[in-house]
Amino acid sequence: MRLDYYFRETATGLRRNGIVAFGAVSTSFIALFLFGLALLIYRELNLVIFNVTENVEVAVYLKDGPDHSDPPQDTVVRLTGKLASLPAVASVTYQSKDEAYERFKELFAGKPVFTENVSPDAIPASLRVHLTDTGLFDQIKAALDCNDQQQPNGSTKLVCTEPGVDTIADFSTLLEQLTQITRLLSLGVLSIAIVMLFSAIVLIANTLRMGMFARRREIGIMRLVGATNWRIRIPFLIEGMVESLVGAGLAVLALFVLKVTVIDGLSGQIRFFPFVRNSDVLAVAPWMLLASVFVAIVAGTIGIRRFLDV
Amino acid sequence: MISLQHVTKVYRNGVTALTDVSVEIEKGEFVFVVGPSGSGKSTLIRLLLKEEEPSKGDVFIAGKHLNKYSTWKVPHLRRNIGTVFQDYKLLTDKTVFENVAFALEVIGKQKIVIDQRVPEVLDYVGLGEKLNSYPDELSGGEQQRVSIARACVNRPLVLLADEPTGNLDPSTSVDIMRLLDKVNRIGTTVVMATHDQAIVDAMRKRVVELEKGQVVRDQARGVYS
């Protein structure tokens, strides 16, 4: 087997098939770009969910100890035990004031307006509660004896009579809604991507077929002199792979450009909102390449069937 | 070397090309298959290349029983059989050297082997000076020489020629026949389908005559009719 033979044949095929190959590359580019975009949107929304709720359905904010210190150990232990014994609760974790502040800094990294003006003292310690099922917030409310109370500024706040508890917050509805939006958006983009991937398969298969048709005389001679079917097919398979991979490469590049121009521009304007980073684009890229290899293999299998009957 | 035993070929459209044909060809023989158009000459050649399957009967070539030869191995069979056609079947965008080298490339021969054998065989067919010409720049006779060089470069046991002189004038045809005779003299079995009467009469080789798909004559040192 000689590699240079295959690459020479592939290059000839691509050159002769120029415009058709260009069509295949652009379709695979669009398909893979949308596919990557769907993955990025999914990541973005997960990022938002995590930042807003930390994937925790209920937060029980604790009253500070004396002089803005962490709440006393025995209060934490007592409340943790009490919450953990509820059937609605799956798990409880404690987040100290320091940990909460660390997270706050992380969340608003690069936004000095927040990090410089909020001191660790202002952020409360909390118990983060996972529920066994959403909508069980009322059980927590009852257990900690919390009631809505009108605030002087007109809003309402849950005030709890349970000692050591300041207030509680329910993220379960929000979490559910966000998860649904995530699912819907990424499903939408993903289904467009799948349709596009399908057309990429068809177009690349067609390109290969046209290439084989254009070279059927040559293929006939190859068969005459004893070339095996694979010897004839492989240059076409490489051709499809090249077209698909070039499309994928361009798509990754375009996602980076999109991220740098649009997202980075937005994150300059919208201050306290998490955005995908370059590393997210990098994390998505292998999946796009994988999808393009899949496209090439399916297209190759369909495209090269004909013209090879002995 | 070649054996057809009671071979009948009926094409899918109902046309009967060969009826109960039996021919034995020994190693190193030179055989003309003659007959008018539609007598089954080309079908016989196609059966030997396993381009077609016989409807009845058995086909053996180079020790292989083609009826039982699996399809995926056919390329390997063809490496032992050289083929020459009326229309040369050369690649017009490749030079003479590349056309002949192509036959070695597609069966995975090393470059070093190709660089040695191709000039050798082109020299042998008398085209040693035309390595870098393109087929369009050659005469019909020269193009047929290239195609013979390509058929022989892999040192096949059998050379099948289907009307190799069909497009050539009489004197060029004689040159091509001299070349095929030369190939035959080094031990290659040559089977040539033709209706070129002058050539058959001049060569005085074994003649198998087909008519309407049947062998009507099989004569050593024969003439056309």
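Because the structure is a prediction, the values reported are computed rather than measured. (Residues numbered from 1 in each chain as written. Chains lettered and ligands numbered in written order. Predicted model: local features only at pLDDT ≥ 70, side-chain atom pairs only at ≥ 80, totals over all residues. Heavy atoms only, no water.)

Quick look at the interface of chain B and chain A now. Facing the 26 residues of chain B at the interface are 18 residues of chain A. Among the residues of chain B in contact with chain A, Arg-78, Glu-105 and Val-106 of chain B are the three that bury the most area, contributing 28% of the side total. The interface formed by chain B and chain A holds 1 salt bridge in total. The salt bridge partner of Glu-218 of chain A is Lys-94 of chain B, with a shortest N-O separation of 3.8 Å. Here chain B and chain A share 5 residue pairs in polar contact (both at pLDDT 80 or more) between them. (Contact = heavy atoms within 4.5 Å. Buried area = accessible area lost by both parts, 1.4 Å probe. Salt bridge = Lys/Arg side-chain N within 4 Å of Asp/Glu carboxyl O. Polar contact = N/O pair within 3.5 Å; in protein donor to acceptor, adjacent residues only side chain to side chain.)

Residue and element names in this part refer to chain B. Pairing analysis gives 5 bridges linking strand β9 (residues 206–211) to strand β10 (residues 214–219), with the strands arranged antiparallel. Its bridge partner lying in β10, Val-207 is registered against Gln-219. From the end of β9 to the start of β10, which pair antiparallel, there are 2 residues, and Lys-212 there has a positive phi angle of about 50°. (Pairing = 2+ DSSP bridges. Helix = DSSP H or I, 4+ residues; strand = E, 2+ residues; numbered from the N terminus.)

A few words on helix α4 (residues 111–124) of chain B. All names here are of chain B. Relative to the 20 Å expected for 14 residues at 1.5 Å per residue, α4 spans 20 Å between its end C-alpha atoms, a close match to the ideal helical length. Inspection of α4 places Ile-114, Arg-117, Val-118, Val-121 and Leu-122 among the buried residues, and these make up the whole buried set. Looking at the buried side of α4, the elements it contacts are α3 (96–105) and α5 (140–152). Just downstream of α4, Gly-126 is the residue with a positive phi angle, here 85°. (Expected span 1.5 Å × (residues − 1). Buried < 20%, exposed > 50% of the residue type's maximum accessible area, 1.4 Å probe, protein only.)

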